[in-house]
Amino acid sequence: MQFQQVYANPSRIRHSDGGTTVSFSPDLGREPTYFRGRIADPIRYRDAMSALRDVVVSDLKYKPKDHSAYQAWVREQYIQDIAEQVSTKQEWVSRMQEVHARIRELERKMDVRNRDYNKAMRRYFNYLYTHDKAGWFVLDPVITVAPDQVFFEAFSQDESSYGRLAVHEEMFRDVKEFEYGTTNIDFSDSLHGELLRMRTYRPTEFQIDPGGFEVATEGREVYKEQKIDVPESWIRGFLQVQSAMSLPTVSFRVQPIDIYNLCTFLRRNREKHGPRSLRYRLRPGQPVQVAIDPWGEVLTFSETIYTGDVDREIRTWGRRRLFLLEKLLPLARSVTIHLLGTGMPSFYIVDLGGVSFTLGLSGWTRNDWSASGNFDLMVGGVPVSPVDSGRVFAELKLRKTATSEELARRTGLSPEVTQSALRQLCHAGRVMFDLETGWFRLRELTRDPLPIDDLKYNNPREKEAEKLILEGKVTLLSVNREGNRDLLKGEVATRSRTRQPEVQLDGDGRIVHAACDCYFFKQNKLMQGPCEHILATVVLYRRRMNGSQGKGL
Amino acid sequence: MDEQSSPRGEAFDEEKKFEAWWQQEDPVEPLSKEYQSLLDQENPLFVSKFSFRHRYEWGSHPAWFWTLYLDGRPLAREALQQWMSSRYYWFNQDQYRYLKAVLKLAEQRRDAEIWGRLAYWFDISSRSYRRPYSHRTDLYLRRRIWRVLRNLGREGASDYTRMAAEILIHYTPDDEWPLWRETRDDQIGGYLNFYVLNQILYRNSSRFVCEENRKWRLADRPPAELERFPEEREEAFPELWDREPERLWHILVNGKAKPVIQFAIRALKKGNPEYLGGLDSEAFLKLLNAKEPVKRAFAADEIIARMNPDQPVFPLLFNMLINPDREVRNKAFSFVEWNVSRWSWEQSLELTRLLLNKLIQDPELDGQVSHLLADLLVKVLGTPLHHLSTLDLATQLLKGKSHMHRMMVAEVLYRIHYQRHPYTERDLLPFLKSENETIRVVAKNQLVLHRKDWQIDRDFLSELMNTPDSFRFFLEEEALVEILKGFPLLEVAEELLESSVAASRELAASVLSLLRNQPYVKFPVRELLPFLSSELPRVKETAQNLLRYQYWHFHHDADFVMDLLSISDEDHLRLVQDTFSRWEYSWFWIELLSKHGDELFQRLWAKMTQPETPDSIRNLIREELLENLFRERLNSLPMERILPLLESTDTGLQELGIRLLNQLDPSPDALEKELLFDLAHSRVAVARETGRRLLEYRLSELESGDWANLAETDWEDTREWVFLRMETEVPEEEADPELVCGLADSSIPEVRQKGLQWAALPGMWPHRRRMVQRLGESPYPEVQLFALEQAGQLDWGAKGLEEMELFFRRVLFQVNGSRKAKDLALELLWREGAAEEERARLAVRLLQDYLRNAGKRDFEKVMVILTRLSECHPGLNTPLCRVSDS
């Protein structure tokens, strides 16, 4: 998907005359959005922004080691070995060895002669990598100026972590001018160094620079205009995670030391095999516990009592992403954890006083097909007509923030319809749900509306799986436990015949083996991902798991 | 078995006379029950079933032919005749016996129909593989047939003509003739093989000779004489034929072979002219549609002969004029041609209308027919045609598909009397758009002729744009060119350029070139852009010439230049460059620059710096336009404008920035400090060098914060320079906390290290408290450690401790943080807490958050500190609960 951004100036942080000016450059291609004020506590803001930046650049995807040099050497040895084996060509062997030796000698000489040049080149590339690398961010962070706060949102490169930094109004002094709205900001990585220089003893001016909007388009000198090709999967991941915020959650508040202990344990221990989950054990009236697999280490959050009614255990994965909260722990007053269910997104909201930081994590770090079926995060609710959806949106556009009940009252629509409309608008990236306050906020992620029908599903089989589930054609026949694996057997009634998919999930709930008697599976096995029958079975199983723990979707 | 003479020497007893089996007229094999039943019921299905099935069952019942003939009932006879009408059915040996029997019995009965057909069959069966009998038998049969006829003829019996006619009507041009050859009709000797036929038709002919072996051949005469159809009678017994003109007519109507028909015609003409004269015209009209050309020609002659030249029957004449037979048509044409002068005006009009209506109603009329009609209309009926010519007629004729239709359209269009039948220019559109050139030219001529009566507007032109051949008239015909020039030529050219027809697009160039003669027409150059960027070479060239040589057409303002820079094509940019060079000393160019120079400079500059500007345009602006047109202004650009160039990622802009910087050669005092800093931090080495050089003169002005900001750079050269200068400009003893903290706050490790070095100097000791508080805000572990080490040497008091709370939290809550730092922090908290209860409370507040540390060592330490603090200050509230000492 193509996105275009135009910036009049680069964002910059200047330290001069005993003060600091943080100036973000907004996207001139969007509606004018700007702000000018003074930050009361620069340190909190600094550390939170640094954490947000860490979220954005985090990429925990597995990167296989590069063995190409080794392979080249093996190939060379292999050729030599072959020559050696051919005894009648002994002269070839000697000749080859001579040539290889000469090549190595020349390469060594070349390295010596080019050393200074290579060094300078590397340093220049490092400079460019830091200052000019276009690849840090898939899409520039989004900033929203709302009546009660200014907040930043970003999504990680590996499409698994969502970060939101909200600077509440009490953190600002001397607000000079503002315009509500949402825009993208130019955020190069070189700003990070400047950001870390912020101090309380240097008064900090914060602004989203309105200057660019004052010049007519023609004749406007533009600092940067970029067209970015954003992968659909990235947008889909973003929308799935932030849409999940509007779903019912199990939540409880923990102390910073609890997260500290969890991170410390994970830092000091490295698992060699799965499962790699955190098991949150929730028992009514009892302190919340978390068991760390595969060691079984249990941490008790003694100051956090679970107030729910039902015993449940919720598993989450991709726990190393919690390291992203480390910078915030010294400043944090508390951390509220919101869990949707096993394998579902989870949210950690850190209260830093006048600043709050929300870390949203997808079900798994790797959002490939083995954990697929996340489409069901974007489904559900009563059908809503475009007219009703438009009414809700228009009302929210007027108010900027509101609760669902307030919007229902003002639009005259039923609460269910309002709720569904808001969910739809969340899926479309036009509205977001603030977990912290329980309000819905106007936040248009992109300048142009997103094609939701294209983004909802990773592939047509997900769509088909949803349809099968909605039509009640999927039955989970049995779930058997074998060691730490779950073997699911399902039955799916299709038009022509009944399919009998079988799925094996590992300890982390990921598909390790599956089989189906449909044509798609016979042709492709799992090379193109699971068929709709397997997908539907897995999703049904997950929903049942989450439903049996007292929460249904 | 034939009749035989009695054996030699024996006398016959009349009672014992031999009677052939067929003479008994007894059926040999009855029909099948099914057929018999159908026949008895007189069911019409009998005929179709029998004729369909006979091919298969006749073989097994060869006597059915005989049975049917004997039956004699109408249905049986019909079935028999239908079977016999199948030309390609031949009989086998079994069948031959019964066929011969039928022949003989029919001969006896004088049954002309059956006998005639069988006689015809036997006469044409000349191929041996076709017949189940020998050559001798073949000759015998033919002679027998002729003998029968001859005997009848000699007797003068009317049966002769009756039976001969029944033979003659069956002969066809394709009898036994291979299909891939021409038919017999086309050959003078095409029917020589047929003995009986030749006997009947040519017994008295001088053209054909019958040899003694009963074979007919052509006489030894010149071919011309042989091929000429003689007036004299050639047939046998002509007098018998003359007695029966109906028979001859029957032959004429039903015969198929040309000699047969010719015989009948000649016989009638010679022997019975009054009979012919007495026949109704309808009979001849039917013949006009006969399959055989000789019949049609005869009918045409008769009709023409009967027609009153002064009062012809036009419908009849018309039918002849559109007859498929060319000879018929020609005869009718000649009749009209000869006699038109006799006719009245109304008569001429009537025929003209008939012909025109035919052309209108039949747009797909055969080409030859339409050719004749058109010829007639134009050459013979020209005057009535002129009278009847209207635009409506021409429009209707336009639907015709033949070439002659189209010629007629042109003729009618040309002949329209405008005053009597006025029309407008829009009425001519269908003709102007015609694919036929003649029609288009005639229509164009009409357009030119009557243009003054009409309003040729823009819509009219638009209609013609997709027909380049028509539109071209407006470029070639002088009168129309003048009309075209009355329109906005650029708009017209643009519309042509958007045409879906390639040839029309090419015409845009011709229209553009007309502007040459319109010096007072002015337009923004933006309107020329589609032509300048056209892929058609001619169009592009014409537009370029217009730009190059006729600048007076354009509005001379900043838009003029900027619009020309919107096309990134290299060729175009070269043109722009050349053209601007040529204009350099032109008055209008100088005027443009003087009036719009400011705006133009701003816009050029903006375009040059905008990232989306193509490189080719950016380079042209940078290297040529700004240099040549705004050199002075460039050279006096302020630094604020130059700096962004240095920061650009485009090397060309960087180079420009460097050049301008060198050109500017600012004095050190002329620029603000921040600008000099930016220069010193530039990614361009030359710019950094300049920045440093200028700063050399202003070092004394630099404050602590300035040094720190200067040092905050990725570039080693500037950083090293700053450190060097700091050593001289800011001696250690003069270093202040602002500078030290500024350096220690840096994001660059080397600068931080420097700051920490200075922070450790004795000169900083008086400022240690403030420094520690500031350094404590740093996110960097080494700075935090340093701060802690320094803090350990101070006594903080409650207020100081409270101010340091966040610092302690940052150290303690750092996951996997420095062990040393944590120990120092804990140590400090204990020491401070021990000194005073209020400080102890603060320490406890901090430590109780950290108490639930899962790390064993830290937990122990915290427990120890809390315990000791509670011992030092018994009233202190701690999270610990002491168990009794005992």
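Everything that follows concerns the structure shown earlier in this document.
Keep in mind the model is a prediction, meaning the values are calculated, not measured.

Visitor: What is the right way to look at the nonpolar core in this model?
Guide: Note that soluble globular proteins tend to have their nonpolar side chains buried in a common cluster. Residues Tyr45(A), Phe152(A), Phe206(A) and Leu528(B) are the most contacted members of the largest nonpolar core, which totals 370 residues. Sorting elements by how many residues they give to this core places helix α6 (residues 112-124) of chain B first, with 9 residues. Sequence-distant contacts of Phe206(A), that is, excluding residues within four places in its chain, are made with Val22(A), Phe24(A), Phe35(A), Arg36(A), Gly37(A), Arg38(A), Ile39(A), Tyr45(A), Ile143(A), Val150(A), Phe152(A) and Phe172(A). In terms of nonpolar packing, the next biggest core, distinct from the first, is built from 40 residues, Ala146(A), Trp234(A), Leu396(A) and Ala402(A) among them.

Visitor: What is the right way to look at the pairing of strand β15 (residues 297-305) of chain A in this model?
Guide: Within a regular strand, side chains alternate between the sheet's two faces. Residues and elements named next belong to chain A. Sheet topology places strand β14 (residues 287-292) next to β15; 6 bridges connect them, and they run antiparallel. Pairing of Val290 across the sheet is with Leu299, part of β15. Taken together, β14 and the strand that follows it, β15, pair antiparallel across an intervening segment of 4 residues, in which Gly296 is found at a positive phi of about 80 degrees.

Visitor: Where do I start with the environment of Val6(A) in this structure?
Guide: You can see Val6(A) is positioned in strand β1 (residues 2-7). Taking C-alpha positions, Val6(A) is 9.6 Å from Ile185(A), a pair spaced 179 residues apart along the chain.

Visitor: Mind showing me how you'd approach the side chain of Ser205(B) here?
Guide: By the secondary structure assignment, Ser205(B) is in the loop between α9 (195-202) and β1 (208-210). In this structure the side chain of Ser205(B) is engaged in a polar contact, spanning 2.9 Å, whose partner is the backbone nitrogen of Arg207(B).

Visitor: Explain the interface of chain B and chain A to me, please; I cannot follow it from the model alone.
Guide: Buried accessible area, meaning the area lost when the parts come together, often serves as the stated size of an interface. Of the residues lining the interface, 44 residues belong to chain B; the matching set on chain A comes to 48 residues. For the chain B and chain A pair, buried surface summed over both sides reaches about 3,700 Å², with 47% attributable to carbon and sulfur atoms. Taken as a group, Glu777(B), Val815(B) and Arg852(B) account for 20% of the area that chain B buries against chain A, more than any other trio of residues on that side. The interface formed by chain B and chain A includes 7 salt bridges. Salt-bridge contacts for Asp47(A) lead to Arg810(B); the nearest nitrogen and oxygen are separated by 3.9 Å. In this structure, the connection of chain B to chain A is made through 14 residue pairs in polar contact (both at pLDDT 80 or more). Listed by contribution, the elements that provide at least two residues to the side of chain B that touches chain A are α36 (587-609), α41 (673-680), α43 (704-711), α45 (737-744), α50 (805-812) and α52 (837-851) of chain B.

Visitor: Please explain the sheet that holds strand β16 (residues 312-316) of chain A as it appears in this structure.
Guide: Note: strands within a sheet are paired through backbone hydrogen bonds, in either parallel or antiparallel orientation. Residues and elements named next belong to chain A. Taken in spatial order, the 4 strands of this open sheet run β15-β14-β13-β16, and their pairing is antiparallel. Here the strands that pair on one side only, and so sit at the sheet edges, are β15 and β16. Each strand axis lies, on average, 20 degrees off the axis of its neighbour in the sheet, ignoring direction. In this sheet, β16 lies alongside strand β13 (residues 278-282) in antiparallel orientation, the contact comprising 5 bridges.

Procedures and definitions
Residues numbered from 1 in each chain as written. Chains lettered and ligands numbered in written order. Predicted model: local features only at pLDDT ≥ 70, side-chain atom pairs only at ≥ 80, totals over all residues. Heavy atoms only, no water. Core = buried A, V, L, I, M, F, W, Y, C linked by side-chain atoms within 4.5 Å. Buried < 20%, exposed > 50% of the residue type's maximum accessible area, 1.4 Å probe, protein only. Helix = DSSP H or I, 4+ residues; strand = E, 2+ residues; numbered from the N terminus. Contact = heavy atoms within 4.5 Å. Pairing = 2+ DSSP bridges. Polar contact = N/O pair within 3.5 Å; in protein donor to acceptor, adjacent residues only side chain to side chain. Buried area = accessible area lost by both parts, 1.4 Å probe. Salt bridge = Lys/Arg side-chain N within 4 Å of Asp/Glu carboxyl O. Axes fitted to C-alpha atoms, helices over the stretch in contact; angles between N-to-C directions.

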